[in-house]
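What the coordinates show
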Amino acid sequence: MTSTPTAGPRAHTPGVLGPPDRSPLAGRAAVLAVTLGLFSIVTTEILPIGLLTSIGSDFAVSDGRAGLMMTMPGLLAAVSAPLVTVATARADRRLMLCAFMLVLTAANLLAAVATDYRLVLVSRIMVGVTIGGFWSIGVGLARRLVPPASAGRATAVVFSAVPLGSVLGVPAGTLIGDIAGWRTAFAVMAALSAAVLAMLLLVMPPLPPLHATRLSVLRGVIGGAAARLALLLTFLVVLAHFGTYTYVAPFLERVTHAGPALITVVLLVYGAAGIAGNFVGGALVTRRPHLTFGLAAAVIAAVTLLLPVLGRAQPGAVLLLVLWGLAYGAVPVASQAWFAKAAPDAPEAASVLFTASFQATMSLGALAGGVTVDDTSPSTLMVLGGVTALLAVAVTRAHHARRG
């Protein structure tokens, strides 16, 4: 997931940002540590997409059951995002980030040495808890680590971890899996997570919470019409995307007849397009939020509906995946911006709802896609995803028409 923050930077609070003489270099190092933490989390979360068939083959499970590796983290993240944020409302944010990174390291190690598929799923539960906690707490910290004038740039750097995880992390993990086995890919992620933990301990200043996020605040935000619209649109688009994209590797293997090398290249190209879509969406969403969301949903619908036809040829599949990456890159930007606009006075609560709704729908999409691909075919799954994305387009147009 990625987003562009809409809330302005907060003023420095004495005793919150560390010593008064804390250097700009130290602030940038702390921002980099949070960014690397999010990068390792995002990469770990979506790493199974490129390794799905290899892991499923090793444990003799179907593609649909292997898709539980995507379902479990999302469900746990959706639950842990509000619960952990509320339960640790008065805890030092530095300690919480370090604790979550320790859990992520252990989860990757467990996946790397698992002798049973159930142990892999346990590791994915641990990943889910990490996602919900680290993401809800970490995404809003950049403005507390640097001077106010640099807050916007620092926050953009933090959020760049998400598309970079798709561009660098997943293709690299897939390549490592092809060369040395999928267990090695998780072992490398364990090493990276441990390195990020060490960096957080070294460069992150004490970060006591500024405001306690309580359940009453979350309930108040959900009660607003703007938040409910953001929830509905996020549900439809993310369901369409992850219900299909989770199983893009089986589609490329069975329908496009692509080999492992081409699949790695396609995922890399998709991720690069996602970065471009992220920046384009970030530039458009502040001025034209309805157009941004509606256009992204329409392109996702067109791509998934056309893949069963044009995706049979490798050039067609690559072209459509590029368009898919461009479109989806704008979706998290638009979703987070709408949540932030729905709760301008409660930015952490908006971040929690964004995280929880996004992660819950990711898991539901992966689960529904797994059932569909096992009972039907990857091509049928793409068509159903396209229809779901079209519903998002219809909702966006209806809302825009009411406002106009």
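Residues numbered from 1 in each chain as written. Predicted model: local features only at pLDDT ≥ 70, side-chain atom pairs only at ≥ 80, totals over all residues. Heavy atoms only, no water.

1. Overview of the overall build of the chain
For clarity, the threshold we go by: Here a strand is any run of E in DSSP of at least two residues, a helix any run of H or I of at least four, and the numbering for each starts at the N terminus. Only protein chains enter the calculation, and the probe is 1.4 Å; a residue is then buried if its accessible area is under 20% of its type maximum, exposed if over 50%, and partly exposed in between. When checking whether two residues touch, look at their non-hydrogen atoms; a contact exists if any pair is within 4.5 Å. Here the open area of atoms and residues is found with the Shrake-Rupley method and a 1.4 Å probe, where only the protein chains shown may cover a residue.
Helix and strand counts for the chain come out as 17 helices and zero strands. In the chain, buried positions account for 56% of the 404 residues. Expressed as a percentage of contacts within the chain between residues at least 6 apart in sequence, the contacts between residues at least 24 apart total 87%. Counting only carbon and sulfur atoms, one obtains 71% of the accessible surface of the chain, whose full area is about 15500 Å².

2. Points about the confidence of the model for the chain
Defined as follows: What pLDDT conveys is the predictor's confidence in a given residue, as a value from 0 to 100.
Predicted confidence across the chain gives a mean pLDDT of 82, with 88% of residues reaching 70 or more. Averaged pLDDT values for the elements of the chain fall to 69 in helix α7 (residues 151–159) and rise to 95 in helix α9 (residues 182–203). Counting contacts from residues 1–21, a segment whose pLDDT is below 50, to residues more than four positions away or on other chains yields 53 contacts.

3. Topic: the packing of aromatic side chains
Keep this limit in mind: Aromatic pairing here means that ring centres of Phe, Tyr or Trp (its six-membered ring) are within 6.5 Å. Orientation follows from the plane angle: under 30 degrees is stacked, over 60 is edge-to-face, and everything else is tilted.
With the rule as written, the count across this model stands at six aromatic pairs. A ring pair is formed by F59 and Y117, whose centres lie 5.9 Å apart and whose planes are at 50°; its orientation type is tilted. You can see F59 sitting in the loop between α1 (24–58) and α2 (63–66) and its partner Y117 sitting in helix α5 (residues 117–138), a full 58 residues away along the chain. Pairwise contacts between aromatic rings join F59, Y117, W182 and F186 into one cluster.

4. A word on a nonpolar patch on the surface
Our working definition: Patch members must show over 30% relative accessible area and no salt bridge, and they are joined within 9 Å when carrying like charges or within 5 Å when they are nonpolar side chains of Val, Leu, Ile, Met, Phe, Trp or Tyr. Just to be clear on terms, a salt bridge is a Lys or Arg side-chain nitrogen sitting within 4 Å of an Asp or Glu carboxyl oxygen.
The grouping of L305, V383, V387 and L390 at the surface amounts to a nonpolar patch, some 280 Å² of accessible area in total. Tracing the chain through its elements places L305 in helix α14 (residues 289–310).

5. Notes on the packing of helix α13 (residues 260–285) against helix α15 (residues 314–342)
Applied cut-off: Axis definition: a line fitted to C-alpha atoms, over the contacting stretch in the case of helices. Angles run 0 to 180 degrees between N-to-C directions. Left-handed describes a crossing in which the near helix is turned anticlockwise from the far one by less than a right angle; the clockwise case is right-handed. Charged residues are taken to be Asp, Glu, Lys and Arg, nonpolar residues to be Ala, Val, Leu, Ile, Met, Phe, Trp, Tyr, Cys and Pro, and polar residues to be all remaining types, Gly included.
Running from N to C, α13 and α15 cross one another at 35°; their axes reach a closest spacing of 6 Å. The two elements α13 and α15 meet at a crossing, and its hand is right-handed. Tallied by class, residues from the contact of α13 with α15 come to 17 nonpolar, eight polar and no charged.

6. What about the side chain of T43?
Formally: Polar contact is the term for a pair of N or O atoms within 3.5 Å; when the atoms are in protein, one must be able to donate a hydrogen and the other to accept it, and sequence-neighboring residues count only if both atoms are side-chain atoms.
Considering the arrangement of structural elements, one finds T43 in helix α1. Of the residues examined, T43 reaches a relative accessible area of 0% and is grouped as buried. Side-chain polar atoms of T43 contact the backbone oxygen of F39, separated by 2.8 Å. Discounting chain neighbours no more than four positions away, the residues touching T43 are G165, G169, V170 and M189.

7. Brief notes about α5
Residues that lie three or four places apart on an α-helix share one face, since the helix turns once every 3.6 residues. Spelled out, the test is: A helix is expected to reach a length of 1.5 Å times the quantity of its residues less one.
Helix length check: α5, at 22 residues, gives a terminal C-alpha distance of 31 Å against a target of 32 Å (1.5 Å per residue), a fit within 8%. In terms of residue burial, α5 counts as a mostly covered element, since 16 of its 22 residues are buried. Its side-chain oxygen placed 2.7 Å from the backbone nitrogen of R118, D116 serves as the N-cap of α5.

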